[in-house]
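Survey of secondary and tertiary structure
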Amino acid sequence: MMEKLKPLLLTEQRVIDQKMNQNQPQSSSSEGRTDDDSALSDFLASLIDYTPTIPDELVEHYLAKSGFQCPDVRLTRLVAVATQKFVAEIAGDALQHSKARQASIPKDKRDRQQKDKRLVLTMEDLSKALREYGVNLRHQEYFADSPSTGMDPATRDE
């Protein structure tokens with residue numbers, strides 16, 4: 001279902017861009033605008049049948065918490081799809097940072113770690129990925145990213 005939504009998301013973004021630039025002369029014809037409007041209508045109609053990964057109740061809770069209320073379930077699901085896309089991009093970027101970190105480990109240690117081929121997402125990887133999107137994340141000292149976290153600085157073997 002997400003593959004069907006991708007072209008519609010791109011069309012919706014063009015419609016939003018056009019509406020934001022209404023003060024500037026538009027080069028598209030009225031026929032192109034009608035196509036965009038119909039694509040947007042089709043996209044919004046498809047959201048009624050689509051069940052996003054993030055539940056409607058959770059999205060409604062955070063929308064209400066921010067002061068926004070709308071009874072239209074299509075808008076709630078649109079926010080859920082946008083959030084899902086954002087989280088997926090962050091997770092993908094964090095995975096790339098994790099792979100880069102694993103590649104920078106010296107070869108002798110990497111050979112021992114290759115027996116266990118799982119990738120571990122650390123706060124450092126997540127912080128780097130979020131920083132690319134303008135979100136600054138700092139974690140407290142008591143989060144255990146390494147066995148020495150929380151130990152007396154004098155006894156750390158780093």
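Check the entry above for the structure.
Sequence order as written defines the numbering, with residues in each chain counted from 1. Owing to the predicted nature of the model, reporting of local features is limited to residues with pLDDT of at least 70; listing and counting of side-chain atom pairs is limited to 80 or more, with chain, interface and lining totals taken over all residues. Based on all heavy atoms of the structure, the side-chain values leave hydrogens and waters out of the count.

So, about the overall build of the protein chain. The helix and strand labels rest on DSSP assignments: H or I over at least four residues marks a helix, E over at least two residues marks a strand, and numbering proceeds from the N terminus. A count of helical and extended segments in the protein chain gives six helices and zero strands. Tracing the protein chain from N to C terminus, the helices and strands come up as α-α-α-α-α-α. In this scheme, a residue with accessible area under 20% of its type's maximum is buried, one over 50% is exposed, and one in between is partly exposed, where area comes from a 1.4 Å probe on protein chains only. When burial is assessed residue by residue, the protein chain has 22% of its 158 residues classed as buried. We call two residues in contact when some of their heavy atoms are within 4.5 Å. Counting only contacts in the protein chain whose residues sit at least 6 apart along the sequence, the fraction spanning at least 24 positions is 58%. Under the convention used here, a 1.4 Å probe and the Shrake-Rupley method define accessible areas, while residue burial counts only the protein chains that appear. When the accessible surface of the protein chain is summed, it comes to about 12,000 Å², and 54% of that surface belongs to carbon and sulfur atoms.

Attention now goes to the pattern of salt bridges. Salt bridges are identified by distance alone: a Lys or Arg side-chain nitrogen within 4 Å of an Asp or Glu carboxyl oxygen. Per the stated rule, a full pass over the model turns up five salt bridges. Of the charged contacts, one joins Arg77 and Asp56 as a salt bridge, the two residues approaching to 3.1 Å between their closest N and O atoms. In this pair, Arg77 is assigned in helix H4 (residues 73-103) and Asp56 in helix H3 (residues 56-65), connecting sequence segments 21 residues apart. With respect to class, Arg77 is no different from Asp56; both count as buried. A salt bridge links Glu89 to Lys85; the shortest N-O distance between them is 2.4 Å. Placement of the pair is Glu89 and Lys85 together in helix H4, with a separation of four residues, close to one helical turn.

On to H3, then. For H3, every residue scored as buried is listed here: Asp56, Val59 and Leu63. Burial along H3 is one-sided: seen end-on, the buried residues are contained in an arc of 65°. In this structure, H3 carries Glu57, Tyr62 and Lys65 as exposed residues pointing more than 90 degrees from its buried face. At its buried positions, H3 is contacted by H4. Following H3 by one or two positions, Gly67 adopts a phi angle in the positive range, close to 95°. This arc is built from the directions going out from the helix axis to the C-beta atoms.

By themselves, these figures tell us nothing about what the structure is for.
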